[in-house]
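Chain and residue survey
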Amino acid sequence: MTCASCAARIEKKLNRLDGVSASVNYATERAHILTTDADVERLVGVVRATGYDAAVPDPVAEEPDRVTPLRRDLVLAAVLTVPVIALAMVPAWQFPGWTWLSLVLATPVYAWCGRRFHRSALVNARHGATTMDTLVSLGTTAGYLYSVWALFFTHAGDWHYQHPFSLALGRGDGAAVYFEAVTGITTFLLAGRWFEARARTQASDALRALLTLGAAEATVLRDGVEHRVGVDALAVGDVFVVRPGEKIATDGVVVDGASAVDESMVTGESLPVDKAPEDAVIGATLNANGRLLVRATRVGADTELARMARLVEDAQTRKAPVQAVVDRISGVFVPVVLAIAAITLVGWLLAGETLLFAATAAVAVLIIACPCALGLATPTALLVGTGRGAKLGILIGGPDVLGRARRIDAVVLDKTGTLTRGDLSLAAVHAVPGVTEREVLRLAGAAESPSEHPIARAVVSAAPTPPATPTLFANVPGEGVRASVDGEIVTVVRPDVVDLGPLADAVAAAEASGQTVVVVTRDGTPIGALALADTLKPTSAEAVARFRELGLTPVLLTGDNERAARAVADEVGIERVVAGVRPEGKVRVVSDLQASGLKVAMVGDGVNDAAALAAADLGVALGTGTDAAKEAAGITLMRGDLLLAVDAIRLSRATLRTITTNLFWAFAYNVAALPLAAFGWLTPMIAGAAMAFSSVFVVGNSLLLRRFRGLGSRP
């Protein structure tokens, strides 16, 4: 494809098929097709019958090199074009016979370097269609043939012929050559195409980087013997060895060993993450030091890496809603321009101008109206924006998500796992007189050591020494645990099942601040209380402040109790709190906010957030959360850092601003340029340069999105 009207033609042909819904993206050169018919060859056949070629994309195959051939033709064209333009622009350099030298230099530029334009125009003509290349080929062919005619049949071929340079068309005697226009147009357009090809290559870096991150081989452990196999041979349930310095072959769970794993290539987290048995690991991440045995849980297309790649590719292939309008305009633009060029030709002839003047004005119209910039305005910005998001750890589900993100008024935040770390840690120890805090922690840690409860894990991890092994351990439903430690009966229970005595005030104060409290007794006598809290993530308060700066109203929505929710809300600066809600209640809260006229974004990480994420105008799932949450969301954050959600909104707004600027430039350029060309105020060469520059501007403006800087830890 060579322009947006090509994409529009292919899309129109595909959508005429029964049961087919197709979206063709000019910038990515891909079709995104939903169909009830799995006959891919039929779809490919329709594309070929339209005058193009197609194939099912291979995610691991090398993309064809479109940059090198363009660069080669561009260099040749530029070398030959510079002297042609110089001679035409500077009369003092017009030595005897310069017009004939211009013919010699211009012919390979027109015939060889411009062959892609002529070939495309002929192919489309055979199918009764017109594209941007039709305009370019007609314009350059008309200029070249007229110049050759002028050389042989007018005094423009005289050995001592000279003519002055002018930006506007001259009303001379008809003796003129326009080889500088032919070569200049071809070179400028090749430069634009080369720039576009480079931009596409650069914008797709994120997707290619994701696809090449994974390991090529794995060491599988079967019957105690290690076997080296390709990653494609791995199956769910296989146990494989990961040595220090190796990439983890696929998603899995550690079954033996301990190590620190560098997950920065997938999550963007700069520090290695400690892994122990039962911890999940992500394929393509790097094992830093220890030896791990990992049981594969997901392989091939089901892995986290493959899912990320699909999200990025899907987002770059699909089109924003505004692009549908642009495509419709581009589809009818070329025929309209041809009509305007014909009117220009006839109009100037009727006004008494020479055939040369009238034809040259018509050629200028054909050239300057090429809708390159219009077709590139939206997809290039989407390519760069989604690619930049992927590098920052923000996976955007599609261009429609960007549009929804821009219109958000309120952001609903889950508490546990979103604003907070999602795991309890020791906040305070309260001991009765005569007992040390260390002793309280030692006995509590020993009693809780056999338990897998989150409270037990928090207590054991805070114990000052490795806990003693208790005897007669029992889990008392609804109360806590009971165990024998060093011959003493120790319990760790809820405050409401014991007489608190001197601990009553401390327990009441801790509970009032939203902390979870357990009481430790020894032989039936309370000796202390432990206050546990779900600690706030270090960036949560800053993220809430940033949401406010963006004009969003933060709302805390949680299933936790009112006191705990209010304590967290006060700490991060959220005024509106809705606590004690079940999953269906979260959906109702989101719906109520929408009914009040707000566009709502929901940020969450758990299974209980999935329904609310789907119900919101924009769902944002933390990558540290559950698969259900990720599937329901439009944006997935690869780190549990809430600042990434802020970055997602900022990036969405920046991308939409870029699209708006691009479209304004493209429309304004065509509206302003067409009359100038039609009234003879621009030569074809200047028209070609202006048209090429408009495309370069649009692509360059889109590439500025690569400079977007996130607020999180990753640059």
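Note that this is a predicted model, so its numbers are computed, not measured.

1. Here's the deal with the UniProt feature "transmembrane region" (unreviewed entry) in the protein chain
With numbering matched to this structure, UniProt assigns "transmembrane region" (unreviewed entry) to residues 74–92, 98–114, 135–155, 175–195, 329–350, 356–384, 659–679 and 685–705. Structurally, residues 74–92 is divided into 84% helix and 0% strand, and its ends, taken at the C-alpha atoms, are 28 Å apart.

2. Quick notes on a nonpolar patch on the surface
Together, F95, L101 and V104 make up an exposed nonpolar region whose accessible area comes to about 260 Å². With respect to the secondary-structure elements, F95 resides in the loop between α3 (67–89) and α4 (98–113).

3. Observations concerning the sheet that holds strand β9 (residues 280–281)
Reading across the sheet, the six strands line up as β4-β3-β5-β11-β6-β9 and stay open at both edges, with antiparallel pairing between neighbours. At either margin of the open sheet sits one strand with a lone partner, and together these are β4 (225–230) and β9. As paired strands, strand β5 (residues 239–242) and strand β11 (residues 292–298) are joined by four bridges and run antiparallel to one another. Across the sheet, the residue bridging to V239 is R295, located in β11.

4. Things to note about the packing of α4 against helix α5 (residues 115–126)
Interhelical geometry of α4 versus α5 gives an angle of 45° and a closest axis separation of 5 Å. Taken as axis vectors, α4 and α5 run oblique relative to one another. Contacts between α4 and α5 pair Y110, A111, W112 and C113 from the former with R115, R116 and H118 from the latter.

5. Notes on the packing of aromatic side chains
Inspection of the entire model under this criterion finds eight aromatic pairs. Centroid distance W100 to F152: 5.3 Å. Interplanar angle 90°. Geometry classified as edge-to-face. Of the two residues, W100 is situated in helix α4 and F152 in helix α6 (residues 132–153); the sequence distance between them amounts to 52 residues. For W100, a relative accessible area of 25% puts it in the partly exposed group. According to the relative accessible area criterion, F152 is exposed, its value standing at 52%. Ring centres 4.5 Å apart and planes at 5° place the aromatic pair Y110 and Y144 in the stacked group. Here the residue Y110 occupies a position in helix α4, and Y144 occupies one in helix α6, the gap between them amounting to 34 residues. Owing to a relative accessible area of 14%, Y110 belongs among the buried residues under this scheme. For Y144, a relative accessible area of 11% translates into the label buried. Three or more aromatic residues joined by ring pairs make a cluster, and in this case those are Y110, Y144 and F179. Lying over the aromatic face of W112, R115 brings its terminal NZ or CZ to 3.8 Å of the ring centre.

Rules used throughout
- Residues numbered from 1 in each chain as written.
- Predicted model: local features only at pLDDT ≥ 70, side-chain atom pairs only at ≥ 80, totals over all residues.
- Heavy atoms only, no water.
- UniProt positions renumbered as here; feature names shortened; annotations may be inferred.
- Helix = DSSP H or I, 4+ residues; strand = E, 2+ residues; numbered from the N terminus.
- Patch = residues over 30% accessible without salt bridge, like charges linked within 9 Å, V, L, I, M, F, W, Y side chains within 5 Å.
- Areas by Shrake-Rupley, 256 points an atom, 1.4 Å probe, with all protein chains shown as cover.
- Salt bridge = Lys/Arg side-chain N within 4 Å of Asp/Glu carboxyl O.
- Pairing = 2+ DSSP bridges.
- Axes fitted to C-alpha atoms, helices over the stretch in contact; angles between N-to-C directions.
- Parallel < 35°, antiparallel > 145°, perpendicular 65-115°, else oblique.
- Contact = heavy atoms within 4.5 Å.
- Phe/Tyr/Trp six-rings, centres within 6.5 Å; stacked < 30°, edge-to-face > 60°.
- Buried < 20%, exposed > 50% of the residue type's maximum accessible area, 1.4 Å probe, protein only.
- Lys NZ or Arg CZ within 6 Å of the ring centre and 35° of its normal.

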